[in-house]
Amino acid sequence: MIDFRYHLVSIVSIFLALAVGIVLGAGPLKEDLGTTLTQEVTKLRDDKTALRTELDAANKATEARDAFAAAGNAKLLAGRLDGRAVTMVVLPGADSAVVKSTSGSLTAAGAIIGSTVTVNDSWTDPNADKKAARTALGDRLAEVLKLEPSTSGQTIDRVLAAATVEAVPSGSGVTNLGSTSSSKAAASVIEELRKADLISVTPDNAARTTAAVIVGAPVSKGNPAEQKARAEAYAALAAAFDSASSGAVLASNVGSTTVQGESIVAAARSDSTISKGLSTVDDAGVPMGQASIVLALEEQYAGGAGQYGLAGDAASAFPALEGTK
């Protein structure tokens, strides 16, 4: 009986509270509650409209700045790379629009584009058998090119770099090696790398050049550990091009946005040995970044290096504009 009364009282209390809530909601609190909700909704709508207006204004300002920078790049960059022969290296996932823009910027600066080397995804395949095959191939081709032994980086990275670029001899006054034909050994090495499905190169039998611009993208294939390993491997490849030539710039379009995957530029910058010699540009998708690629390569020829762009690990937004023409 006690249990029955307890449950009966509980049920009555619940219904009483519900009834009181209904009465209050339909009576004295109805108007205040409705007014408050209406005011909140109106405020949220006004805030949304204001934010949309601010965003549209910011986008318009950004587009105007980019248009102005693009218009000024022609004069800013003209003649800065006259007579310089440059190899373009395209890493897996690179934005084709960025590759095209970069080629155009280099040409507008007076550079001569030698070969365009497209690196296949198999270059960093983590499979143990594939890695062993790359190592064996690299060792064999290093003998073909008569490369000195080295304890830094993959031998196959040095092989590809040595087959496509070479440094300007100090004090020679030579600026353009692109007019000379490729050596028979370098040509045979390129063909071996092609047959191994590691790269593709256009045009055939292109001459070695004096510098390289490497265009990449964040690595999104595989688990986080694999992405990191691949990004570091591509950064090491870029460093090999820098070591073998008179200068190299690694460019990507990541800027200040959240990167999906592992950034190759960030991997290069986080390695003090690599960043000491290799220049990087993280905003290659905008006109300012395109100007930075040319200016950074000019700086490389002068013996300097820098990390440029909009990402948090960039040293500055763009290279110093010394010698503006």
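Rules used throughout
- Each chain has its residues counted from 1, following the order in which its sequence is written.
- Under the rules for a predicted model, residues below a pLDDT of 70 receive no local features and side-chain atom pairs below 80 are neither given nor counted, while totals for whole chains, interfaces and linings still include all residues.
- As a rule here, side-chain values cover all heavy atoms of the structure and leave hydrogens and water aside.
- In this description a helix means any DSSP run of H or I spanning at least four residues, a strand means any run of E spanning at least two, and both kinds are numbered starting from the N terminus.
- Only protein chains enter the accessibility calculation, which uses a 1.4 Å probe; a residue is then buried when its area is under 20% of its type maximum, exposed when over 50%, and partly exposed in between.
- Throughout, a contact is declared for two residues whenever any of their heavy atoms are within 4.5 Å.
- We get accessible surface area from the Shrake-Rupley algorithm with a probe of 1.4 Å; when it comes to residues, only the shown protein chains can shield them.
- Ring pairs are drawn from Phe, Tyr and Trp, using the six-membered ring of Trp, whenever the two centres fall within 6.5 Å, and their geometry is named by plane angle: stacked under 30 degrees, edge-to-face over 60, tilted for the rest.
- Whether a charge sits over a ring depends on NZ of Lys or CZ of Arg being within 6 Å of the ring centre and within 35 degrees of the ring normal.
- At least two DSSP bridges between two strands are required for those strands to pair.
- Note on handedness: a crossover is taken as right-handed if, strands pointing away from the viewer, the path from the first strand over the helix to the second is clockwise.
- With axes taken as lines fitted to C-alpha atoms, and helix axes fitted only over the stretch in contact, angles between N-to-C directions fall between 0 and 180 degrees.
- Throughout, the term roughly parallel applies to angles under 35 degrees, roughly antiparallel to angles over 145, roughly perpendicular to angles from 65 to 115, and oblique to all others.
- Take the far helix as the reference: if the near one is turned anticlockwise from it by less than a right angle, the crossing is left-handed, and if turned clockwise, right-handed.
- Throughout this entry, Asp, Glu, Lys and Arg are counted as charged residues, while Ala, Val, Leu, Ile, Met, Phe, Trp, Tyr, Cys and Pro are counted as nonpolar. The remaining residues, Gly among them, count as polar.
- Each polar contact in these results corresponds to two N or O atoms within 3.5 Å; when the atoms are within protein, one needs to be able to donate a hydrogen and the other to accept it, and residues that are neighboring in sequence are counted only if both atoms are side-chain atoms.

1. Details of the overall build of the protein
In step 1: What the protein contains, in helices and strands, is ten helices and seven strands.
In step 2: Residue burial in the protein is summarised as follows: out of 325 residues, 37% are buried.
In step 3: Considering only contacts in the protein between residues 6 or more positions apart, those separated by 24 or more positions represent 79%.
In step 4: Total accessible area on the protein is roughly 17600 Å²; 59% of this is exposed by carbon and sulfur atoms.

2. Brief notes about the packing of aromatic side chains
In step 1: Across all of its chains, the model carries zero aromatic pairs by this definition.
In step 2: Lying over the aromatic face of Y301, R84 brings its terminal NZ or CZ to 3.8 Å of the ring centre.

3. Notes on the pairing of strand β5 (residues 248-251)
In step 1: Neither face of β5 is left uncovered, since the one carrying A248 and L250 and the one carrying V249 and A251 both have all their residues buried.
In step 2: As judged from the four bridges shared by strand β4 (residues 211-215) and β5, these two strands associate in the parallel manner. The residue of β5 that forms the bridge with V215 is A251.
In step 3: Assessed by its sense of winding, the connection that carries the chain from β4 through helix α7 (residues 224-244) to β5 is right-handed.
In step 4: Across three bridges, the pairing between β5 and strand β6 (residues 279-281) is parallel. Within β6, the residue paired with V249 across the bridge is S279.

4. Here we look at the pairing of strand β2 (residues 112-119)
Along any regular strand the residues' side chains alternate between the sheet's two faces.
In step 1: Direction of pairing for strand β1 (residues 85-90) relative to β2: parallel, over a ladder of five bridges. In the sheet register, A85 faces β2, and the bridge partner there is I112.

5. Here's the deal with the packing of helix α5 (residues 155-164) against α7
In step 1: Remark: α5 packs on α7, axes separated minimally by 8 Å, with the N-to-C direction vectors making an angle of 40°. Classified by the angle their axes make, α5 and α7 are oblique. The way α5 lies across α7 gives a crossing that is right-handed. Counted together, D157, R158, L160, A161, A162 and T164 of α5 and A233, A236, L237, A240, F241 and A244 of α7 form the full contact between these two elements.
In step 2: Classifying every residue of the contact of α5 with α7 gives nine nonpolar, one polar and two charged.

6. Digging into the environment of T87
In step 1: Among the secondary structure elements, T87 is positioned in strand β1.
In step 2: It is 6.2 Å that separates the C-alpha atoms of T87 and A211, two residues lying 124 residues apart in sequence.
In step 3: Once you skip the residues sitting within four places of it in the chain, T87 turns out to touch S115, V117, T164, V165, T209, A211, A212 and V213.
In step 4: A polar contact of 2.7 Å, which involves the side chain of T87, links it to the side chain of T209.

7. So, the sheet that holds strand β3 (residues 199-202)
In step 1: A sheet is described by the order of its strands in space; here seven strands give the open sequence β3-β2-β1-β4-β5-β6-β7, paired in mixed fashion. Either end of the sheet is taken by a strand with one partner, and the two such strands are β3 and β7 (307-308).
In step 2: As paired strands, β2 and β3 are joined by four bridges and run antiparallel to one another. What sits directly across from V119, in β3, is I199.
In step 3: Packed onto the sheet, α5 meets β1, β2 and β3 and runs at close to 155° relative to β2.
In step 4: Each of β1, β4, β5, β6 and β7 touches helix α10 (residues 287-301); the most contacted strand, β5, lies at about 155° to it.

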